[in-house]
Amino acid sequence: MCKKVCTRVILLLFSYLPITVAQAQKAPPVPPPFRVDNLVCEYKINPISVDEANPRLGWKLLTRDRNIQQTAYEVRVGSNAVSLLKGKDLIWTSGKVTSNESLHVPYGGPMLASRQKVYWQVRIWNNRQQVTPWSMVNSWKMGLLKPSDWSAKWIEDNYLSDTTGGPSPMFRKTFKLDHKVRAAHLYITAHGLYEAQFNGKRIGNDYFAPGWTSYNKRLQYQVYDVTADLLKGDNAVGVTLGDGWYRGYTYNRKKDVYGSKLGLLFQLEIVYTNGKRVLINSDKTWKVAYGPIRSSSFFDGEVYDARKEKKGWSTIAYKDAAWDSVRTDTVKENLVAMFGPPVRKHEMFKPLKVFTTPAGEKVVDFGQNLVGWVQFKFKAKAGDSVKLFHAEVLDQQGNFYTKNLRTAKQENTYVFKGDSVETFEPHFTFQGFRYLKIVGYNGPIDSTSVAAFALYSDMAQTGSFSTSNPLINQLQHNIQWGQKGNFIDVPTDCPQRDERMGWTGDAQAFSRTATFNMDVAGFFTKWLKDLSADQLKNGAVPYVIPDVLLDKSLSAASGWSDVATIAPWNIYLAYGDKKVLEDQYASMTAWVGYITAHTRAGLWDTGNHFGDWLFYAGTDYADGAALTDKNLIAQAFYAYSTQLVINTANILGKQDDVKKYTALLADIKKAFLAEYVTPNGRMISGTQTSYVLALNFDLLPENLRASAAKRLVDNIEDYDEHITTGFLGTPYICHVLSRFGHTDVAYDLLMKESYPSWLYPVKNGATTIWERWDGIKPNGTFEDPEMNSFNHYAYGAIGDWMYRVVAGISTDEGDPGFHKINIFPHPGGKLTNAHAELETLYGKVKSAWSIDNGIFTLDVIVPPNTSAVVTLPAVDGPVTEGNADITTSKDITNIKPATGSDLQMDIGSGTYQFKYILKTHKKNS
């Protein structure tokens, strides 16, 4: 019996063997267990428009082994990928460099020329005397580095009348290519916004290009590899322009902020397979006409008349004899390569429901307050029109509510051409909405005919956070969607009403939270360049960046203008990017210099300030409004900005500045104490915000801090465990409570469900963060429609505390960018678990804890080439890691008691699981 069975098994094995071998032959090679991958140049993969003289390179180590550190690296750069693989014809090699640096490593070879493309590889050595194979070949291509590289001319239409808010001009040209194309790159920008097509096909998947910058000083151009879009023989190109930020309506219906004429700059550089180079430029040979986009505006929407479409207008077959000529202008010296991420189309939402409101209006609910637009597929007669209106909320009666849009129309109008089914989505506008009202169309409306698309800057999601509490999870969802909706090339304050500007106060409050949710390194670095460009000569920082207010009196507000120091510091902490501090240092010191020049006896008590914007000011409590003295706030942020300048000067090796600003900080704190604090530590403004800022910015002497923290707790209890802070106190309040031993109170604030609280909007159906604690009041009515956005990320700054304290993931300020990681979770708030992950520039960091029958389990991932200090909270008894006592592990060192019953230790890279009895649980049971 056994012999027969065994024979059958052997025959079966042989019958499968040929398939298995064949599959193995087709399978990709198994990657080595220790390798280097995820190569980037200036935060991008294979960029084609680099204008840094010495681009910075980075990579990640990939391994499953523990305690892996890079000890050396070698980078090699060549002009040919094939030769590079053989180690020949190198432009530059670093040689073997003893260093653990795997981020921001500068290219050190000969200066590269405009348009030059180079290829690079890296290999690294680790602390086990292993060396990786050479990485895959990556590349970067230099942009146009000097004005003389531009041979194209600016082209505009010839019409002299003011056409702002009018039709979109369409520019067109045909050209012939005599040979097969080896490579073709399009360098393009616009005064306004552009969409380009070659031979009837859209170029790229970017929207609202060239993006929003301080146009008169910094105008970005984009580069596209269009090799596959061109044909040997006849070709056609078409480019449509829209008003956009350049000349479209801005705050207070101002227009033409940067200019009154839309323009196109187009330079197509082609290399034939025979080596010949050809240029196709914007010049007088182009033609222009108006088409179906009758108007486009970020605030008001788009009017599109499909009857005026010019079918095939960007193809060679189109006849343009009736089109007009263009006029030309010279290139100005303000062009820069694009640095930040482009705006792109992301999630699609189908209707959650379609219904008729009590007012009889046809409305679609997409279930999510998003920013983008609606695409429809409708059928109607030629000349019929449909209007799409957009709103964030419904009113008490369930009707469509748009009063909070102020003067913004947020409507798209489409006039049908009478084809079978017509598909439309806008081009040069976006809306903030959850609800869509459709007027003028009576056909079927369902998931096959309408869809909403979210548009935002193309930032990879890097962080995730969840807990056992569904309301907290929805809060995290709301924080992320508030960021998505307001990060449209610049950090806006709201995406729906007639504002949508880069308010600096919102950006500084949220900047650190933003670094946890998404990769915002390029996004903020680009925006900070515009901050420097628009900063006044006296150092004042405008309220909004880019500065479209153009009013010198609208500058220098505490907590707003301090973004000049706070945002660079937060980007440095998140990404370890020293260059952002180098680039912004002059701006940082100029801002502190401005404040100093406007002080009296060491006090900054002059000028206009917003104060603790939108703090709790209701009448539900006997103590009344939580008003904090604006000058107290100004002095506190004066101190904080000065401290950040000291920190930066230390990092940059500017010791004379360290001494200078350290002395200044001492005077600032002395003046603060004398003016705003009684001898026993009571603040003259006894609000939550006053104590939070004084404690968070270390303005009080050590002997007064504990009592001040107790007063803060008392104040919170006076308000029945409710928060009363505004935009400036909210980001720090829970951090201060945790720092001074009151994490339980911080949890009380987080978990509160009644107004004012973070969860009050969640309980009221919010899918984004509200501008006000009570955008919808407890009685169901709305706050003042003049200022009541339902997508406003500032209060989402609590996300930073959720990541850094609840889950316990933070970077060491002395070794930033998560090269040295602090893992210190703080269980509480009746949560039974919390899970957070963060994809850093080194790799994934994870901290996930759970409590089950008194057993605390903590799962940790530390990426290669980093290390972590882990602090285990409330340890009662022995701790195991991987089912063995931690004292027996060679991967865990420096085990020592921390505060109270906490236990601290050092670990290297790798995956860990700690388990022990949680002391607080045992005590409570």
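The following paragraphs examine the structure supplied in this document. The written sequence of each chain sets the order in which its residues are numbered from 1. At least 70 in pLDDT is required for a residue's local features to be given in this predicted model, at least 80 for side-chain atom pairs to be given and counted, and no such filter applies to totals for whole chains, interfaces and linings, which use all residues. Hydrogens are left out, water is left out, and the side-chain values use all remaining heavy atoms of the structure.

### Examining the overall build of the chain
Part 1 of the reasoning: Scanning the chain from terminus to terminus reveals 17 helices and 45 strands.
Part 2 of the reasoning: Its C-alpha atoms give the chain principal-axis dimensions of roughly 85 × 85 × 75 Å.
Part 3 of the reasoning: Under the scheme applied here, a residue whose accessible area is under 20% of the maximum for its type counts as buried, over 50% as exposed, and between as partly exposed, the area being computed with a 1.4 Å probe on protein chains only. Among the 925 residues that make up the chain, the fraction classed as buried is 59%.
Part 4 of the reasoning: Residues are treated as being in contact if the distance between any of their heavy atoms lies within 4.5 Å. Taking all contacts inside the chain whose residues are at least 6 apart in sequence as the whole, residues at least 24 apart take part in 74%.
Part 5 of the reasoning: In these tables, accessible area is a Shrake-Rupley quantity obtained with a 1.4 Å probe, and a residue counts as shielded only by the protein chains included in the view. In the form shown here, the chain has an accessible surface area of approximately 36100 Å², with 51% of it arising from carbon and sulfur atoms.
Part 6 of the reasoning: Charge counting follows a simple rule: Lys and Arg are positive, Asp and Glu are negative, and His as well as the terminal groups are ignored. All charge positions are set by atom: Lys at NZ, Arg at CZ, Asp at CG, Glu at CD. Averaging the positions of the 100 positive and the 94 negative side-chain charges in the chain gives two centres separated by 8 Å. A run of DSSP states H or I qualifies as a helix once it reaches four residues; a run of E qualifies as a strand once it reaches two. Both are numbered from the N-terminal end.

### What to know about the pairing of strand β19 (residues 293-297)
Part 1 of the reasoning: When you tally the buried positions in β19, you get 4 out of 5 residues, the bulk of the element.
Part 2 of the reasoning: In this scheme, strands are said to pair when DSSP sees at least two bridges between them. Pairing of β19 with strand β20 (residues 301-305), which is carried by 4 bridges, proceeds in the antiparallel orientation. Considered in β20, the bridge of Ser296 is made with Glu302.
Part 3 of the reasoning: The antiparallel hairpin formed by β19 and β20 contains 3 residues in its connecting segment.

### Topic: the sheet that holds strand β12 (residues 193-198)
Part 1 of the reasoning: Spatial strand order, β13-β12-β15-β10-β18-β21: 6 strands in an open sheet with antiparallel pairing. Across the chains shown, the open sheet's two edge strands, defined by having one partner strand only, are β13 (201-202) and β21 (324-325).
Part 2 of the reasoning: By the bridge criterion, 2 bridges tie strand β18 (residues 287-290) to β21 in an arrangement that is antiparallel. Within β21, the residue paired with Lys287 across the bridge is Ser325.

### Some points on the nonpolar core
Part 1 of the reasoning: For our purposes a nonpolar core is just a set of buried Ala, Val, Leu, Ile, Met, Phe, Trp, Tyr and Cys residues, chained together by side-chain atoms within 4.5 Å. In this structure, Phe208, Leu475, Val520, Trp758, Trp801, Ile907 and Phe914 are the most contacted members of the largest nonpolar core, which totals 219 residues.
Part 2 of the reasoning: Element by element, the count of residues in this core is highest for helix α9 (residues 630-651), at 12 residues.
Part 3 of the reasoning: Once you skip the residues sitting within four places of it in the chain, Trp801 turns out to touch Cys734, His735, Ser738, Thr743, Ala746, Tyr747, Leu750 and Val806.
Part 4 of the reasoning: Listed in part, the 31 residues of the second largest apolar core include Tyr194, Val237, Leu262 and Phe266.

### Brief notes about a negative patch on the surface
Part 1 of the reasoning: Think of a patch as exposed residues, more than 30% relative accessible area, with no salt bridge, where like charges cluster within 9 Å and nonpolar side chains (Val, Leu, Ile, Met, Phe, Trp, Tyr) cluster within 5 Å. The term salt bridge refers to a pairing of a side-chain nitrogen on Lys or Arg with a carboxyl oxygen on Asp or Glu at a separation within 4 Å. Judged by side-chain charge, Glu717, Asp718, Asp744 and Asp748 come together as a negatively charged surface patch.
Part 2 of the reasoning: Secondary-structure elements contributing two or more residues to the negative patch are α12 (702-718) and α14 (743-751).

### What to know about unusual backbone geometry
Part 1 of the reasoning: Put simply, Ala209 and Pro210 share a cis peptide bond, and its omega is 15°.
Part 2 of the reasoning: A cis amide bond links Ile545 with the next residue in sequence, Pro546, at an omega value of -5°.
Part 3 of the reasoning: With respect to the element layout, Pro546 can be found in the loop between α6 (521-534) and α7 (563-575).
Part 4 of the reasoning: The phi torsion at Glu721 lies on the positive side, around 60°, for a residue other than glycine.
Part 5 of the reasoning: The phi dihedral of Asn894 is positive, around 55°, even though this residue is not glycine.
Part 6 of the reasoning: Relative to the assigned elements, Asn894 resides in strand β44 (residues 892-897).

### Things to note about the pairing of β44
Part 1 of the reasoning: Summarising the sheet, β44 and strand β45 (residues 903-918) pair through 4 bridges and their orientation is antiparallel. Each residue of the ladder has a partner; that of Thr893, found in β45, is Asp906.
Part 2 of the reasoning: Between the end of β44 and the start of β45, which pair antiparallel, lie 5 residues, with Gly900 showing a positive phi angle near 60°.

### Quick notes on the sheet that holds strand β6 (residues 105-106)
Part 1 of the reasoning: The antiparallel open sheet is built from 3 strands, whose spatial order is β1-β2-β6. Of all the strands in the sheet, the pair left with one neighbour each is β1 (35-41) and β6.

### Considerations on the pattern of salt bridges
Part 1 of the reasoning: Considering all chains together, one arrives at 50 salt bridges under this definition.
Part 2 of the reasoning: Across the salt bridge formed by Asp698 and Arg739, the nearest N and O atoms sit 2.5 Å from each other. Placement of Asp698 in the loop between α11 (688-696) and α12 and of Arg739 in helix α13 (residues 730-739) is noted, with a sequence separation of 41 residues between them.
Part 3 of the reasoning: For the salt bridge of Lys844 with Glu837, the shortest nitrogen-to-oxygen distance reads 3.4 Å.
Part 4 of the reasoning: Overall, Lys844 belongs to the partly exposed group, its relative accessible area being 35%.
Part 5 of the reasoning: Overlapping salt bridges, with partners in common, bring together Arg406, Arg497, Asp498, Glu499 and Glu771 in one network.

### Concerning the packing of helix α5 (residues 504-517) against helix α16 (residues 798-807)
Part 1 of the reasoning: Axis definition: a line fit to C-alpha positions, over the contact stretch in the case of helices; interaxial angles, taken between N-to-C directions, run 0 to 180 degrees. Close contact between α5 and α16 brings their axes to 7 Å; oriented N to C, the two are set at 55°. With respect to their mutual orientation, α5 and α16 come out oblique. Classified by chirality, the crossing of α16 by α5 is left-handed. Each of Arg512, Thr513, Phe516 and Asn517 in α5 lies in contact with α16, whose residues at this interface are Gly799, Asp800, Tyr803 and Arg804.
Part 2 of the reasoning: In this count, Pro and Cys sit with the nonpolar residues alongside Ala, Val, Leu, Ile, Met, Phe, Trp and Tyr, while Asp, Glu, Lys and Arg are called charged and the others, Gly among them, polar. Here the residues of the contact of α5 with α16 are counted per class, giving 2 nonpolar, 3 polar and 3 charged. Small angles under 35 degrees read as roughly parallel and large ones over 145 as roughly antiparallel, with 65 to 115 read as roughly perpendicular and the rest as oblique. Crossing handedness: left-handed means the near helix sits turned counterclockwise from the far one by under a right angle, and right-handed means the same turn made clockwise.

### What to know about α14
Part 1 of the reasoning: Extensive coverage of α14 is indicated by the burial of 7 of its 9 residues.
Part 2 of the reasoning: Considered for burial, the residues of α14 that qualify are Thr743, Val745, Ala746, Tyr747, Leu749, Leu750 and Met751.
Part 3 of the reasoning: Contacts made by the buried residues of α14 are with α4 (470-486), α12, α13, α15 (759-763), α16 and β40 (844-852).

### Describing the environment of Ala868
Part 1 of the reasoning: Within the secondary structure layout, Ala868 lies in strand β41 (residues 855-872).
Part 2 of the reasoning: Sequence separation of Ala868 and Lys820 is 48 residues, and the distance between their C-alpha atoms is 5.6 Å.
Part 3 of the reasoning: In contact with Ala868, other than residues within four places in its own chain, are Ile821, Ile823, Val862, Met905, Asp906 and Ile907.

### Here we look at the environment of Thr273
Part 1 of the reasoning: Among the secondary structure elements, Thr273 is positioned in the loop between β16 (263-272) and β17 (277-281).
Part 2 of the reasoning: Remark: the alpha-carbon pair of Thr273 and Asn100, spanning 173 residues in sequence, is separated by 43 Å.
Part 3 of the reasoning: When near neighbours in sequence (up to four residues on either side) are disregarded, Thr273 contacts Lys180, Val181 and Arg182.

### What to know about the side chain of His742
Part 1 of the reasoning: With respect to the element layout, His742 can be found in the loop between α13 and α14.
Part 2 of the reasoning: Using a relative accessible area of 19% as the deciding quantity, one classes His742 as buried.
Part 3 of the reasoning: Contacts described as polar in this section are N or O atom pairs within 3.5 Å, which, within protein, must combine one atom able to donate a hydrogen with one able to accept it, while residues neighboring in sequence count only if both atoms come from side chains. A polar side-chain atom of His742 sits 3.4 Å from the main-chain carbonyl oxygen of Phe740.

### Some thoughts on α16
Part 1 of the reasoning: With 9 of 10 residues buried, α16 lies mostly within the body of the structure.
Part 2 of the reasoning: Listing the buried residues of α16 in full gives Ile798, Gly799, Asp800, Trp801, Met802, Tyr803, Val805, Val806 and Ala807.
Part 3 of the reasoning: Gly808, located one to two residues past α16, shows a positive phi value of around 90°.

### Describing the environment of Lys141
Part 1 of the reasoning: Along the chain, Lys141 turns up in strand β8 (residues 138-141).
Part 2 of the reasoning: Judged by relative accessible area, Lys141 falls into the buried class, the value being 7%.
Part 3 of the reasoning: Distance in space between the C-alpha atoms of Lys141 and Val36 is 22 Å, their sequence separation being 105 residues.
Part 4 of the reasoning: Apart from the residues lying within four places of it in its own chain, the contact partners of Lys141 are Pro47, Ile48, Ser49, Val50, Arg115, Gln116, Lys117, His185 and Tyr187.
Part 5 of the reasoning: A polar contact is formed between the side chain of Lys141 and the side chain of Tyr187, at a distance of 2.7 Å.

### Digging into the packing of α6 against helix α8 (residues 578-597)
Part 1 of the reasoning: Between α6 and α8, the shortest axis-to-axis distance is 10 Å and the interhelical angle comes to 20°. It follows from the interaxial angle that α6 and α8 lie roughly parallel. Crossing hand, α6 versus α8: left-handed. Between α6 and α8, the contacting residues are Thr525, Leu528, Lys529, Leu531 and Ser532 on the first element and Val580, Asp583, Gln584 and Ser587 on the second.
Part 2 of the reasoning: In terms of residue class, the contact of α6 with α8 is built from 3 nonpolar, 4 polar and 2 charged.

### As for the packing of aromatic side chains
By convention here, two paired aromatic rings are described through the distance between centres and the angle between planes.
Part 1 of the reasoning: The rule is short: rings of Phe, Tyr and Trp, with Trp giving its six-membered ring, pair when the centres are within 6.5 Å, and they are stacked under 30 degrees, edge-to-face over 60, tilted in between. One pass over the full model with this rule turns up 72 aromatic pairs.
Part 2 of the reasoning: Look at Trp150 and Tyr187: their rings are 6.4 Å apart centre to centre, the planes differ by 85°, and that puts the pair in the edge-to-face class. Residue Trp150 is found in the loop between β8 and β9 (154-156), and its partner Tyr187 is found in strand β11 (residues 181-191); the two are separated by 37 residues along the sequence.
Part 3 of the reasoning: By relative accessible area, which is 0% here, Tyr187 ends up buried.
Part 4 of the reasoning: Seen in terms of ring centroids, Phe175 and Phe198 are 6.4 Å apart; in terms of plane orientation they differ by 85°. Their pairing is edge-to-face. With Phe175 in strand β10 (residues 169-177) and Phe198 in strand β12, this residue pair connects regions lying 23 residues apart in the sequence.
Part 5 of the reasoning: Ring-pair connections join several aromatic residues into one group, and the members of that group are Tyr401, Tyr616, Tyr719, Tyr755, Tyr760, Trp770, Phe782 and Phe790.

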